[in-house]
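# Structural overview
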Amino acid sequence: YSNLVKSMPPAMMQMFGADVNTLGTPEGFLGFEFFSYSLLVTAIYAVTAGLNITANEEDAGIMDVVLSLPLVRWRIIVEKFLAYALMAVAIILIMTGGLYLGNQVSAVKIDGAKLILGGLNMIPGTLLMLAFTAFIAVLVRGKGTATGIAAVFVIGSYFLNTLGEAASGTIAGQLRGLSFFHYFDYSGVMTNGLNWSNVVVLLVVAVVFFGGSIWLFERRDVGI
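No experiment lies behind these values; they were computed from the predicted model shown.

## Some thoughts on the overall build of the protein chain
Tallying secondary structure elements over the protein chain gives 13 helices and zero strands in all. Per-residue burial for the protein chain yields a buried fraction of 42% across its 224 residues. Pairs at least 24 residues apart make up 72% of the contacts formed inside the protein chain by residues separated by at least 6 positions. Of the accessible surface of the protein chain, which amounts to about 11200 Å², a share of 70% is contributed by carbon and sulfur atoms.

## As for the nonpolar core
Formed by 53 residues in total, the largest nonpolar core has its most connected members in Met 129 and Leu 130. Only helix 4 (26-53), helix 6 (63-67), helix 7 (73-105), helix 9 (122-139), helix 10 (143-166), helix 12 (186-192) and helix 13 (196-219) provide two or more residues apiece to this core. With 13 residues, the single largest contributor to this core is helix 9. Contact partners of Leu 130, with chain neighbours within four places excluded, come to Ala 46, Ala 49, Gly 50, Ile 53, Phe 81, Tyr 84 and Ala 85.

## Section: a nonpolar patch on the surface
On the surface, Leu 93, Tyr 100, Leu 101, Ile 116 and Leu 120 cluster together to form a nonpolar patch covering roughly 450 Å² of accessible area. Of all the elements in the fold, those that place two or more residues in the nonpolar patch are helix 7 and helix 8 (112-120). Ranked by residue count, the leading element in the nonpolar patch is helix 7, at three residues. With respect to the secondary-structure elements, Leu 101 resides in helix 7.

## A word on the packing of helix 7 against helix 13
Across the interface, helix 7 lies against helix 13 with an axial gap of 8 Å and an inter-helix angle of 145°. Remark: the crossing between helix 7 and helix 13 carries right-handed chirality. Residues Arg 73, Trp 74, Ile 76, Ile 77, Val 78 and Phe 81 of helix 7 pack against Phe 210, Ser 213, Ile 214, Phe 217 and Glu 218 of helix 13. In the contact of helix 7 with helix 13, the residues fall into eight nonpolar, one polar and two charged.

## Observations regarding helix 4
Between its terminal C-alpha atoms helix 4 stretches 39 Å, which fits the 40 Å expected from 28 residues at 1.5 Å a residue. Its axis deflected by about 40° at Phe 32, helix 4 carries its strongest bend there.

## Some remarks on the environment of Ser 187
Its place among the elements puts Ser 187 in helix 12. With relative accessibility at 26%, the residue Ser 187 sits in the partly exposed group. When the C-alpha atoms of Ser 187 and Gly 31 are compared, they prove to be 5.6 Å apart, with 156 residues separating the residues in sequence.

## Some words on the packing of aromatic side chains
A complete count under the given rule lists nine aromatic pairs for this structure. Taking the centre distance of 4.0 Å and the plane angle of 20° together, the rings of Phe 132 and Phe 153 count as stacked. With Phe 132 in helix 9 and Phe 153 in helix 10, this residue pair connects regions lying 21 residues apart in the sequence. For the pair Tyr 158 and Phe 159, a centre-to-centre distance of 5.8 Å together with 85° between the ring planes defines the contact as edge-to-face. Connected via pairs of aromatic rings, a cluster forms that spans Phe 132, Phe 135, Phe 153, Tyr 158, Phe 159, Phe 180, Phe 181 and Phe 209.

Rules and cut-offs
- Residues numbered from 1 in each chain as written.
- Predicted model: local features only at pLDDT ≥ 70, side-chain atom pairs only at ≥ 80, totals over all residues.
- Heavy atoms only, no water.
- Helix = DSSP H or I, 4+ residues; strand = E, 2+ residues; numbered from the N terminus.
- Buried < 20%, exposed > 50% of the residue type's maximum accessible area, 1.4 Å probe, protein only.
- Contact = heavy atoms within 4.5 Å.
- Areas by Shrake-Rupley, 256 points an atom, 1.4 Å probe, with all protein chains shown as cover.
- Core = buried A, V, L, I, M, F, W, Y, C linked by side-chain atoms within 4.5 Å.
- Patch = residues over 30% accessible without salt bridge, like charges linked within 9 Å, V, L, I, M, F, W, Y side chains within 5 Å.
- Salt bridge = Lys/Arg side-chain N within 4 Å of Asp/Glu carboxyl O.
- Axes fitted to C-alpha atoms, helices over the stretch in contact; angles between N-to-C directions.
- Left-handed = near helix turned anticlockwise from the far one by under 90°.
- Nonpolar A, V, L, I, M, F, W, Y, C, P; charged D, E, K, R; others polar.
- Expected span 1.5 Å × (residues − 1).
- Bend = angle between axes of the 7 residues up to and from the residue.
- Phe/Tyr/Trp six-rings, centres within 6.5 Å; stacked < 30°, edge-to-face > 60°.

Here it is as structure tokens:
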């Protein structure tokens, strides 16, 4: 596999954010073939879960009935967000546990600590997408509109990060910092461990969107 990668044009490897020397190691191979796409998968789950916090019930005409109960509005957002966040973390831990168990019986051994860190590294980005979707679902009218915006955000962030890696010296490279996939840094985690500054950035942005969704929902005129 390493020899095959070395025979490919450097520009192609740069486009995928892959380093030839790193791909020649078990950690680099797993990072490129699994972790590079894992956040995209969990982000799709986060969009679905985020819509379940308010948008789906409002679209179905249920939210007005829920709000007729003696409940403070912020509690609906907080409890549902925490429930879906817990499920997201559980999914990631199960994925990571499967990798860890597979590593125990594999002939090619990978540092178990790096596998665990690689899995934990998916959590901040997933929570950010959950919070962003919840925020958009409260900000705009209509489940379809919220779904479209969240989908564009995920896909746009993914391709902006990919283009930024392929053209690091261009405007696309400078705009790469706007993509939350840039802070995921799957290859760096598998070789050097967690980048705590990236983790903090993703979590802070997630908290901002989460707080914004609560603030907006407190003031939203829910459709019937």
